[in-house]
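What follows is the residue order along each chain.
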Amino acid sequence: MSTAMEIVPLARACGAEVRGVDVRALDDRGFAILHQAWLDHLVLVIPAQRLTDDDLTRFGQRFGVLDELPPVGQGQKPRDNPYISVISNVVENGVPIGGLADDEVIWHSDTSYRERPPSASLLHALELPAWGGNTGFANMYLALETLDPALRQQVDRLSIKNDTTYNAGGQLREGFAPVTDVRNCPGAIHPIVRTHPETRHECLYLGRRRNAYVPGLEVEASETLLDTLWQHATRDVLTWHHTWTIGDVVIWDNRCTMHRRDLFDPTTRRVMHRAQARDDLRPARDASAKNIPHPRGRTVVEALSA
Ligand code: OGA
Ligand code: MN
């Protein structure tokens, strides 16, 4: 089975499609190849899968221990499988079956407001809307490498506080009060430049823009710095956008990418099942790591410096 597997890069910035594989039947050697492809390309698309929640759980567990996910729709019942959550706009009997509704979801890295954020997120497309709902990915190794040198020096020793209060869809999380001062809102503080614990390459780690704050700076200076970083890191040339097909399983690495979602046709259904794996590590800078750029996105660097 693994001999037929093919890894096809998808875009200049990041992403690869894995062809010829049924993830339910992947042996250890096949998984090792797929896992290395994930580290190399940051995001994998595995088309034409038809996974039950238990299949998705088993596959996800190969990336690490899965987080138990609370129901994301407000008032939603606990699910049979605690490792699977639903991302959907569908409302049944007045209760959303999943989270994130049908709006735009802004650039973010999943649950960056936690001390130990998840490494891998897996999303499996079950139903897709008539238009919209593409998911974009930004290569944060590239974002660091192409950062203005003076700016890079400035952020080298700085951190960001990642606000917990709102989700990436902009909705206030249950039990949280609206933010009035970014210096006081709750959330984990992570270094702006981190070393990826598996690839050992450095990347930017920005988390989420809303209510972010750089401790030690005046609020105004923090806002200006963050705006500059975000504008840089989310430029088109550093990103790739996936147009979904039913059956796709997409796996992204939250340690070195950010993602976003376009709004979509609110009158049609989008249903995705989701799992996330953790490495149990705090984002950290490792001074002993080799300081050479991650190889993905060479042509982007060349184009930008030409
Ligand atoms: C997520 C997420 C985007 C999408 O599941 O973490 O941001 O395309 N989803 O639904
Ligand atoms: Mn997300």
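The structure we're discussing is the one just above.
Read on for a plain summary of the structure. Residue indices follow the written sequence of each chain, beginning from 1 at its first position. The naming scheme follows written order: chains are lettered A onward, ligands numbered 1 onward. Restriction of local features to residues with pLDDT of at least 70 applies here, the model being predicted, together with a cutoff of 80 or more for giving and counting side-chain atom pairs; totals for whole chains, interfaces and linings are based on all residues. Here the side-chain values reflect all heavy atoms present in the structure, with hydrogen atoms and water set aside.

This next bit is on the coordination of the manganese ion (ligand 2). By definition of the ideal shapes, a tetrahedral metal site with four donors has angles of 109.5 degrees and an octahedral site with six donors has angles of 90 or 180 degrees. Sites may look incomplete, because water is not among the atoms used; the donor set itself consists of N, O and S atoms within 2.8 Å of the metal (3.2 Å for Na, K and Ca). Protein coordination of the manganese ion (ligand 2) is provided by H108 (NE2), D110 (OD) and H259 (NE2), with donor distances spanning 2.1 to 2.2 Å. In the primary structure, the donors to the manganese ion (ligand 2) are separated according to the pattern H-x1-D-x148-H. Note that D110 is positioned in the loop between β9 (105-108) and β10 (118-127) and H259 in strand β18 (residues 257-261), a separation of 149 residues in sequence. Taken as a pair, D110 and H259 share a single burial class, namely buried. The helix and strand labels rest on DSSP assignments: H or I over at least four residues marks a helix, E over at least two residues marks a strand, and numbering proceeds from the N terminus. When a residue's accessible area, from a 1.4 Å probe over protein chains only, is under 20% of the maximum for its type it is buried; when over 50% it is exposed; and in between it is partly exposed.

Neighbouring ligand 1 are I87, L100, H108, D110, L123, T135, W252, H259, R261, R270 and R274. In the model, an oxygen atom of ligand 1 is placed 2.8 Å from a nitrogen or oxygen of the R270 side chain. For the purposes of these results, a polar contact is taken to be a pair of N or O atoms within 3.5 Å, where, inside protein, one atom must be able to donate a hydrogen and its partner to accept one; residues adjacent in sequence count only when each atom of the pair is a side-chain atom. R274 places a polar side-chain atom, nitrogen or oxygen, 2.7 Å from an oxygen atom of ligand 1. All accessible-area figures derive from a Shrake-Rupley calculation using a 1.4 Å probe, and residue coverage is judged against the displayed protein chains alone. For ligand 1, the accessible surface in isolation is 290 Å², of which the surrounding protein chains cover 98%. We call a residue near a given molecule or strand whenever any one of its heavy atoms falls within 4 Å of it.

Turning to the environment of C185, a few remarks are in order. Relative to the helices and strands, C185 resides in the loop between β12 (159-161) and β13 (189-191). For C185, a relative accessible area of 7% translates into the label buried. For the pair formed by C185 and N211, sequence separation is 26 residues and the distance between their alpha carbons is 7.8 Å. Throughout, a contact is declared for two residues whenever any of their heavy atoms are within 4.5 Å. When near neighbours in sequence (up to four residues on either side) are disregarded, C185 contacts K161, D163, T165, V179 and N211.

Definition of nonpolar core: a set of buried residues of the types Ala, Val, Leu, Ile, Met, Phe, Trp, Tyr and Cys, connected through side-chain atoms within 4.5 Å. Grouped together as the largest cluster of nonpolar side chains are 43 residues, with contacts concentrated most on V43, M140, I192, L204, L206, L229 and M258. Discounting chain neighbours no more than four positions away, the residues touching M258 are W107, H108, G136, F137, A138, M140, L206, G207, W230, A233 and T234. Grouped together as the second largest cluster of nonpolar side chains are 25 residues, F31, L34, F59 and F63 included.

This part takes up the packing of aromatic side chains. Here is the rule: rings of Phe, Tyr and Trp (six-membered ring for Trp) pair when centre to centre is within 6.5 Å. Planes less than 30 degrees apart are stacked, more than 60 are edge-to-face, and the remainder are tilted. As enumerated under the stated definition, the model contains six aromatic pairs in all. Measuring from centroid to centroid gives 5.1 Å for F31 and F63, while their planes differ by 85 degrees, and the two rings are edge-to-face. Of the two residues, F31 is situated in helix α1 (residues 28-41) and F63 in the loop between α2 (53-61) and β4 (65-66); the sequence distance between them amounts to 32 residues. According to the relative accessible area criterion, F31 is buried, its value standing at 10%. A centroid spacing of 5.5 Å and a plane angle of 25 degrees characterise the contact between F137 and W240, whose relative ring orientation is stacked. Pair noted here: F137 is in strand β11 (residues 135-139) and W240 is in strand β16 (residues 239-242), with a separation of 103 residues, a long-range link. Taken individually, F137 and W240 each receive the classification buried, so the pair is uniform in this respect.

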